[in-house]
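Here are the chains, one letter per residue:
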Amino acid sequence: MQELREKTAVVTGAASGIGRALAERFAEEGMKLVLADVDRGGLEEVAKSLEARGTETLLVPTDVSRPEEVDALADKAFAAFEQVHVVCNNAGVFSGGNSWETPIEDYQWVLGVNTFGVIHGIRSFVPRLIAQDCEAHVVNTASMAGVTTMPFVAAYNMSKHAVVALSEVLYHELTLSQTKVGVSVLCPEAIATRIDDAERNRPDQYHNDPASAAPNPAKEVVANALSETVRGGLDPSVMADRVVKAIRDRRFYILSQEDGWRRCCNTRLDDVREGRNPTFAPPAEGE
Ligand SMILES: NC(=O)c1ccc[n+]([C@@H]2O[C@H](COP(=O)([O-])OP(=O)(O)OC[C@H]3O[C@@H](n4cnc5c(N)ncnc54)[C@H](O)[C@@H]3O)[C@@H](O)[C@H]2O)c1
């Protein structure tokens, strides 16, 4: 899809970080926007700044882990703008720790938002994108964690591997069905956002009682490492630039350009290809 002007984009997780940057970049392209997030206050702030620049904006507070709320998001988007051309299933959260000590609520929360959020986005939007029979594009936010594995991030790694797999399957299906709908999977490296404070917007149904949880010392170590990594991360606008280019080029994989992450991913693929045991080789600082 070359021309984005006057088209409509839906972005989940739009109140912060990469989602906000996507919304701002789409607004610069002259698109109309449907912004979804659990953070109503954050959404209002983003909408105010976009509307001040003349962007037509619809706010839909949405918990993407709930299928009925994502259905309602699609209903409202199509009711307001008749057609939708870009859908970014981007909302995501992080929680770390040893896999066997991670509370079940953490698995349910991370998989509920990161994986089921994307599943719901696809089920609610793709049939309508196909039916409207014009060029459209779905962008699913995974991570470089979706093409690599690291210790102490089981739920996050699993959730993002699932998004990569689901996006590849969707790509094959949309291609075989000869639809006008494209798909990309966004795999960011470290980006300077608030993902290290994901707990701030944890829905009630996924709350766990820290007092009754098993001790999980790795959780704090990972949380501190994530904060440091994110603080030194790229500006989220870099992701927005990559996404707009991928939509225009109909490119599927939007991968990190950094050597460290590419090596890490290639090492894993070599392990699989050669039947080796998994190599622990995270990106080195500055690599
Ligand atoms: N920041 C990074 O380093 C990085 C790296 C790789 C992938 N990602 C992915 O990028 C995406 C965006 O995260 P970010 O880094 O911008 O973090 P962020 O915390 O700045 O933004 C995430 C947004 O998602 C929203 N959200 C959380 N739970 C939700 C729910 N149930 N329903 C709807 N919205 C919800 C939050 O309120 C927040 O506004 C996520 O999928 C994340 O996994 C981030």
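Structure's up top.
First, a word on what this report is: a plain description of the structure on this page.

The rules behind each value
Residues numbered from 1 in each chain as written. Predicted model: local features only at pLDDT ≥ 70, side-chain atom pairs only at ≥ 80, totals over all residues. Heavy atoms only, no water. Helix = DSSP H or I, 4+ residues; strand = E, 2+ residues; numbered from the N terminus. Buried < 20%, exposed > 50% of the residue type's maximum accessible area, 1.4 Å probe, protein only. Lys, Arg positive; Asp, Glu negative; His and termini not counted. Salt bridge = Lys/Arg side-chain N within 4 Å of Asp/Glu carboxyl O. Contact = heavy atoms within 4.5 Å. Pairing = 2+ DSSP bridges. Right-handed = clockwise from strand over helix to strand, strands pointing away. Expected span 1.5 Å × (residues − 1). Arc of directions from axis to C-beta.

**Notes on the side chain of K32**
Looking at the secondary structure, you find K32 in strand β2 (residues 32–37). Notably, K32 is buried but unbridged: the nearest opposite-charge side chain belongs to E6, and the N-O separation is 4.3 Å. Apart from residues no more than four positions distant in its own chain, K32 is found in contact with E6, K7, T8, A9, E56 and F81.

**Points about the pairing of strand β4 (residues 86–89)**
A two-sided burial pattern is seen for β4, the buried positions comprising V86 and C88 on one face and V87 and N89 on the other. Two elements, strand β1 (residues 8–12) and β4, share 3 bridges in a ladder whose sense is parallel. Paired with V10 across the bridge in β4 is V87. For β4 and strand β5 (residues 136–141), the ladder comprises 4 bridges, and the chain directions are parallel. For N89, the partnering residue across the bridge sits in β5 and is N140. Assessed by its sense of winding, the connection that carries the chain from β4 through helix α4 (residues 104–132) to β5 is right-handed.

**Digging into helix α8 (residues 259–274)**
Along its 16 residues, α8 runs 22 Å from first to last C-alpha, staying within 8% of the 22 Å computed at 1.5 Å per residue. Within the span of α8, buried status applies to G260, W261, C264, C265, T267 and D271. Taken end-on, α8 shows its buried residues confined to a sector of 155°, consistent with a single buried face. Turned more than 90 degrees off the buried face of α8, the exposed positions are D259, R273 and E274.

**Considerations on the pattern of salt bridges**
Proximity of charged atoms lets side chains of opposite charge pair with each other. Within the structure shown, the criterion is met by 21 salt bridges. Between R25 and E29 there is a salt bridge, with its nearest N and O atoms 2.7 Å apart. As far as the burial class goes, R25 and E29 line up, both buried. In this structure, K219 and D106 form a salt bridge, with 3.0 Å as the shortest nitrogen-oxygen distance.

Nothing here speaks to function; it is all geometry.
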